[in-house]
Amino acid sequence: MINSNESNGLKELIDKLKEARCLSKEEWTWLIAGRTPELSEYLFALAREERHQYYRHDVYVRGLIEFTNYCRNDCLYCGIRKSNQNASRYRLTEEEILSCCRMGYELGFRTFVLQGGEDAYFTDDKIAHLVHCIKDLYPDCAVTLSLGERSYESYKRFFDAGADRYLLRHETYNSAHYAKLHPASLSAAKRQQCLWNLKEIGYQVGTGFMVGSPYQTPENLAEDMLFIHELNPHMVGIGPFIPHHDTPFADKASGTLELTLFMLGLIRLMLPKVLLPATTALGTIHPNGREQGILAGANVVMPNLSPTAVRKDYSLYDNKICTGDEAAECRNCLERRMESIGYQVVTARGDSLNV
Ligand code: 5AD
Ligand code: FES
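Below you will find a few notes about this structure. (Residues numbered from 1 in each chain as written. Chains lettered and ligands numbered in written order. Predicted model: local features only at pLDDT ≥ 70, side-chain atom pairs only at ≥ 80, totals over all residues. Heavy atoms only, no water.)

1. Let's talk about the sheet that holds strand β1 (residues 58–61)
Basically, it comes down to this: Two strands pair if DSSP finds at least two bridges between them. Each helix is a run of H or I in the DSSP string that is no shorter than four residues. Each strand is a run of E no shorter than two, and both are numbered from the N terminus. The contact criterion used throughout is that any non-hydrogen atoms of two residues lie within 4.5 Å. Convention adopted: a line fitted to C-alpha atoms gives each axis, helices being fitted over their contacting stretch, and angles between N-to-C directions are expressed from 0 to 180 degrees.
Strand order in this open sheet of 3 strands is β8-β1-β9, and the pairing throughout is parallel. For this open sheet the edge positions go to β8 (300–301) and β9 (344–346), each flanked by a neighbour on one side alone. Where β1 lies against β9, 3 bridges are found, and the strand directions are parallel. By the bridge assignment, Y60 is partnered in β9 with V346. In the packing of helix α14 (residues 330–340) onto the sheet, the strands contacted are β1, β8 and β9, and the crossing angle to β9 comes to about 135°.

2. Side note on unusual backbone geometry
So the rule is basically this: Each residue is assigned to one of three classes by its accessible area relative to the maximum for its type, calculated with a 1.4 Å probe on protein chains only: buried under 20%, partly exposed between the two thresholds, exposed over 50%.
In the Ramachandran plot, N232 falls in the positive-phi region, its phi being about 50° despite a non-glycine side chain. Along the chain, N232 turns up in the loop between α9 (218–231) and β7 (235–240). The exposure class assigned to N232 is partly exposed, which follows from its relative accessible area of 26%. Positive phi is not limited to glycine here, since C322 has a value of about 70°.

3. Side note on helix α5 (residues 124–137)
Cut-off, in case you're wondering: Here the expected length of a helix is defined as 1.5 Å per residue gap, with one fewer gap than residues.
Compared with an ideal rise of 1.5 Å per residue, which puts 14 residues at 20 Å, α5 spans 20 Å between its outermost C-alpha atoms and is within 8% of the ideal. Among the residues making up α5, those that are buried are I127, A128, L130, V131, C133, I134 and K135. Among the structural elements, β2 (63–68), α4 (94–106), β3 (111–116), β4 (142–146) and α6 (152–160) are those in contact with the buried residues of α5.

4. Details of empty space enclosed by the protein
Rule in force here: Using a grid of 1 Å spacing that covers the protein atoms alone, one calls a set of points a cavity when a 1.4 Å probe fits there but cannot get out, and a pocket when the set is open and has protein on both sides within 12 Å along at least five of seven lines; lining residues are those with an atom within 4 Å of a point. Grid points are joined across faces, edges and corners, and a volume is the space filled by probe spheres set on the points. Polarity classes work like this: nonpolar for Ala, Val, Leu, Ile, Met, Phe, Trp, Tyr, Cys and Pro, charged for Asp, Glu, Lys and Arg, and polar for all others, with Gly in that last group.
If you walk through the whole model with that rule in mind, you get 4 cavities of 30 Å³ or more. Taken together, 44 residues line the largest cavity, and the ones lying closest to its centre are Q115, S146, R169, E171 and L316. If you list the elements that add at least two residues to the lining of the largest cavity, you get β2, β3, β6 (204–211), β7 and α11 (280–285). Element by element, the count of residues in the lining of the largest cavity is highest for β7, at 4 residues. Across the lining of the largest cavity, the residue classes break down as 24 nonpolar, 13 polar and 7 charged. Computed from the structure, the second largest cavity encloses a volume of approximately 80 Å³. Lining the second largest cavity are 14 residues, and of these R62, T144, R165, L167 and M235 lie nearest its centre. Of all the secondary-structure elements, those providing two or more residues to the lining of the second largest cavity are β3, β5 (165–167) and β6.

Spelled out as structure tokens, the structure:
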């Protein structure tokens, strides 16, 4: 237990964060390691203030289309890693993807997020063509790609084809920690280089990390905050690590709701204008996780637009929500959920104010 003097010191650190918008590595570590329920409430109130100043009570929606679960990588935490022989693999056709967009457009979505594993079947040509088609059909919509690591030239091609945004979580900044979560073929440095490339090309960039991933320390999270501060992305996606039964991390503990919410609040105070989703993983570890995420400073939700027949197969972790019969209803479900806490889902591209 920490005593009240220390607790006062941590409150002051939160005030300092609000003023200076950044802390030192030691300060981030103290704050994260020393958090208490009382401190969290204090943080969330400040985070909401910032969020309301820039984004009012609006919640942006992004229609998520999980278009392939083939993946050449073998990340130890991920249910669609290539070694998982039990994964039932699928790819959507271009027609199927466009039909998701059509349905999404009618439901009011103005951002489509194309997310998939690192699947060589989707060559640069195919992706560029797809992006072209979507932008032709829906010029008022933003297209976000989330296809993992590709070369500078590939990213540039997609951007020239009309892609607006790219999501690529850095996962963890610390290279030793990164190496415990990934096979040797992947490195923290390459990951981070991709993010700098995306920024240079001109994308609105989203990064992020898992909270409570195996072997993660408060110091690692401090390093994540420093990296995000330096990158200054448009969006930051974080969610709790949740084990998947067919991975080497099957027996590892999940990240907690409590720590994820605390990190959301800290990110909002550090980058007041950033787009911050209350993720599906957060909704998976607690029935009201996404609502609590919004109340900690988040301002985006990403309902699933994938065809219901394949949703259960895009299984990164166990017990993922929105994969059953209720799945067609995500848009309405989220609208009701947001209204229940005094927020409203808005139909807008929702570009980041963090430029
Ligand atoms: N638990 C939580 N999040 C996960 N992701 C992948 N596997 C898991 C898991 N087991 C996250 C990664 C990835 C994003 C698409 O999903 O952070 O970047
Ligand atoms: Fe998908 Fe509620 S958001 S069913």
